[in-house]
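# Chain and residue survey
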Amino acid sequence: MSKHRKRPEEKKKKLTKQQLIIPPILVGGAIGIALAINMIIVGPPPLEQCIPSENMPFHLHAYLNVTLNGEPFTVPANIGITSDCVKPLHTHDTNGTIHVEFVKPTRFSLGIFVELWGLNLDQYDVKVFVKNANDADFKEFSDDIRTLVMSDQMRIKMELTSR
């Protein structure tokens, strides 16, 4: 009985280095192109942008009342406003009205506003109470304020207590 010999073309082909390198290069290039297109079409993150006017398609107001150790604490005017830029999240005066304006509906959180404000919450114990437009009364918000998405006519009470 004779053994069946494989013909040369039936031998298992080994992949070359070039064949191993080309797919990751193509995938990396595709990812790079997708990211570039995303930046061109979508643009940078909303808070890195300046709005061209305050007549944007997406517009809402939330109201923030802050106390520090039981005393009124003023929300500054012109948070998010400089001489050459108005951010989508900003204040005009010290009455606590937060203006949210952007080209499309976007989820802006209280945490983002506090970050834009520059208020360091690490030095305080923080309690937040929220009343949405249809709520009868305030409810305590016990999650991270970065997850508290502001809605139109939302009222927010933030109590800061020094540590």
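In case you missed it, the structure is sitting above this.
Since the model is a prediction, treat every value here as computed from it, not as a measurement. (Residues numbered from 1 in each chain as written. Predicted model: local features only at pLDDT ≥ 70, side-chain atom pairs only at ≥ 80, totals over all residues. Heavy atoms only, no water.)

Now for the overall build of the chain. On a plain count of helices and strands, the chain comes out with two helices and nine strands. Element order for the chain, N to C, with α for helix and β for strand: α-β-β-β-β-β-β-α-β-β-β. A buried classification covers 30% of the 163 residues belonging to the chain. A total accessible area of about 11600 Å² is found for the chain, and carbon and sulfur atoms account for 55% of it. (Helix = DSSP H or I, 4+ residues; strand = E, 2+ residues; numbered from the N terminus. Buried < 20%, exposed > 50% of the residue type's maximum accessible area, 1.4 Å probe, protein only. Areas by Shrake-Rupley, 256 points an atom, 1.4 Å probe, with all protein chains shown as cover.)

Examined against the element boundaries, A62 turns out to sit in strand β1 (residues 58-68). Taking relative accessible area as the criterion, A62 reaches 0% and is therefore assigned buried. In this structure, the C-alpha to C-alpha distance between A62 and S151, residues 89 residues apart in sequence, is 6.6 Å. In contact with A62, not counting residues within four places along its chain, are G96, T97, I98, M150, S151 and M154. (Contact = heavy atoms within 4.5 Å.)

Okay, the pattern of salt bridges next. Here the idea is simple: oppositely charged side chains can pair when their charged atoms come close. As enumerated under the stated definition, the model contains two salt bridges in all. In this structure, D125 engages R163 in a salt bridge whose closest nitrogen and oxygen atoms are separated by 3.1 Å. One end of the pair, D125, is in strand β7 (residues 124-131); the other, R163, is in the segment after β9 (154-162), with 38 residues separating them in the sequence. Judged by relative accessible area, which is 42%, D125 ranks as partly exposed. R146 is the partner of D144 in a salt bridge, and the nearest nitrogen-oxygen pair spans 2.4 Å. Judged by its relative accessible area of 35%, D144 falls in the partly exposed class. (Salt bridge = Lys/Arg side-chain N within 4 Å of Asp/Glu carboxyl O.)

Before going further, it helps to examine the pairing of β7. Where a strand is regular, its side chains alternate between the two sheet faces. For β7 and β9, the ladder comprises eight bridges, and the chain directions are antiparallel. Counterpart to F129 in the pairing with β9 is K157. By the bridge criterion, three bridges tie β7 to strand β8 (residues 139-141) in an arrangement that is antiparallel. Residue V128 lies in a different strand from β8, and its bridge partner there is F141. (Pairing = 2+ DSSP bridges.)

Under the criterion given, the structure shown has one disulfide. Each disulfide pairs two cysteine sulfurs, and for C50 the partner residue is C85, the sulfurs being separated by 1.9 Å. With the S-S dihedral at roughly -110°, the linkage between C50 and C85 falls on the left-handed side. Placement of C50 in the loop between α1 (17-41) and β1 and of C85 in strand β4 (residues 85-86) is noted, with a sequence separation of 35 residues between them. Taking relative accessible area as the criterion, C85 reaches 11% and is therefore assigned buried. (Disulfide = S-S within 2.5 Å.)

Let's shift gears to the side chain of H99. Among the secondary structure elements, H99 is positioned in strand β6 (residues 97-102). For H99, a relative accessible area of 13% translates into the label buried. Within the structure, the side chain of H99 is placed 3.0 Å from the side chain of H61, a separation counted as a polar contact. Not counting residues up to four positions away in its chain, the partners in contact with H99 are L60, H61, P88, L89, H90, T91 and H92. (Polar contact = N/O pair within 3.5 Å; in protein donor to acceptor, adjacent residues only side chain to side chain.)

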